[in-house]
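Inside the fold
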Amino acid sequence: GAVVSQHPSWVICKSGTSVKIECRSLDFQATTMFWYRQFPKQSLMLMATSNEGSKATYEQGVEKDKFLINHASLTLSTLTVTSAHPEDSSFYICSARYPGGPNEQFFGPGTRLTVL
Amino acid sequence: AQSVTQPDIHITVSEGASLELRCNYSYGATPYLFWYVQSPGQGLQLLLKYFSGDTLVQGIKGFEAEFKRSQSSFNLRKPSVHWSDAAEYFCAVGPPWNTDKLIFGTGTRLQVFP
């Protein structure tokens, strides 16, 4: 099946620093990738849609200057949490739109971000 | 409001028992429907999906789901649960007007007792 990787799987950083998370589709090309945020024992909340070669589309309430998304190639999207604060601590999950069917996405294993 | 609902936050079953996880959606038109499973340390894995056609859908790991238009439901079932099925299960819908997005339900945590 289609595989999506994320790196790193977990990261701890100090408040005020920036953190970059990578999302790669390993065996298919993805013109569209998605970034989700998941709080403990809660569902996935879509943060933004990342389109290769164009600007990301952010969901309402998501600060685009805080969460920078770059989709530079058909297999790589990055999420940079800028000037991270403890409230940004969360589980971040990416997915890649699979070209096989509508709405079909394959998910990465997630990145646990802890901001001290 | 358009939404997807999983009424059961937490379900506990004995190993070998049958399982049904509920999912209801509220959209003007029938969306595309998905069930995902999330195990600790692993990404969401697609169990099955419904786009059209036969309303009983077979998935991986022995799961099936039935689409009932009259009830706006897409319940997940398994006849005999294994301890390894313990995980978080998410129902998701793909809005018919946007074939990119997925909207997730709140999830059901399944606990399996030996």
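Since this is a predicted model, take the numbers as computed values, not measurements.

**Some words on the overall build of chain A**
Secondary structure summary: chain A contains 0 helices and 11 strands in total. Of the regular secondary structure in chain A, the N- to C-terminal order runs β-β-β-β-β-β-β-β-β-β-β. In terms of overall dimensions, chain A has C-alpha extents of about 40 × 25 × 20 Å along its principal axes. When burial is assessed residue by residue, chain A has 52% of its 116 residues classed as buried. Once local pairs closer than 6 in sequence are excluded, the contacts in chain A between residues at least 24 apart make up 54%. As displayed, chain A offers around 5600 Å² of accessible surface, 54% of which is attributable to carbon and sulfur atoms. Of the side-chain charges in chain A, 10 are positive and 9 negative, and the distance between the mean point of each set is 5 Å.

**As for a nonpolar patch on the surface**
A contiguous nonpolar patch, built from W10, I12 and L116 of chain A and spanning about 390 Å² of accessible area, is present on the exposed surface. Looking at the secondary structure, you find L116 of chain A in the segment after β11 (111–115).

**Describing the interface of chain B and chain A**
When the parts of a complex come together, some accessible area is lost, and that lost area is often taken as the interface size. With 22 residues of chain B in contact, the opposing surface of chain A contributes 20 residues. With both sides pooled, the region where chain B packs onto chain A buries about 1700 Å², and carbon together with sulfur makes up 52% of that total. Our count for the contact surface shared by chain B and chain A stands at 2 salt bridges. Residue K49 of chain B is joined to E104 of chain A by a salt bridge in which the shortest nitrogen-to-oxygen separation is 2.7 Å. There are 5 residue pairs in polar contact (both at pLDDT 80 or more) connecting chain B and chain A. Every element with two or more residues in the side of chain B that touches chain A is listed here: β5 (32–38), β6 (45–50) and β10 (87–94) of chain B. Ranked by residues supplied to the side of chain B that touches chain A, first place goes to β5 of chain B with 4 residues.

**Details of the packing of aromatic side chains**
As enumerated under the stated definition, the model contains 17 aromatic pairs over all chains in all. Where Y50 of chain B meets F74 of chain B, the ring centres are 6.3 Å apart and the plane angle is 40°; that geometry is what we call tilted. Note that Y50 of chain B is positioned in strand β6 and F74 of chain B in strand β9 (residues 73–78), a separation of 24 residues in sequence. On the accessibility criterion, F74 of chain B (0% relative accessible area) is buried. Following the ring pairs from residue to residue traces out a cluster consisting of Y36 and F107 of chain A together with Y32, F34, Y36, F51, F90 and F104 of chain B.

Basis of the calculations
Residues numbered from 1 in each chain as written. Chains lettered and ligands numbered in written order. Predicted model: local features only at pLDDT ≥ 70, side-chain atom pairs only at ≥ 80, totals over all residues. Heavy atoms only, no water. Helix = DSSP H or I, 4+ residues; strand = E, 2+ residues; numbered from the N terminus. Buried < 20%, exposed > 50% of the residue type's maximum accessible area, 1.4 Å probe, protein only. Contact = heavy atoms within 4.5 Å. Areas by Shrake-Rupley, 256 points an atom, 1.4 Å probe, with all protein chains shown as cover. Lys, Arg positive; Asp, Glu negative; His and termini not counted. Charge placed at Lys NZ, Arg CZ, Asp CG, Glu CD. Patch = residues over 30% accessible without salt bridge, like charges linked within 9 Å, V, L, I, M, F, W, Y side chains within 5 Å. Salt bridge = Lys/Arg side-chain N within 4 Å of Asp/Glu carboxyl O. Buried area = accessible area lost by both parts, 1.4 Å probe. Polar contact = N/O pair within 3.5 Å; in protein donor to acceptor, adjacent residues only side chain to side chain. Phe/Tyr/Trp six-rings, centres within 6.5 Å; stacked < 30°, edge-to-face > 60°.

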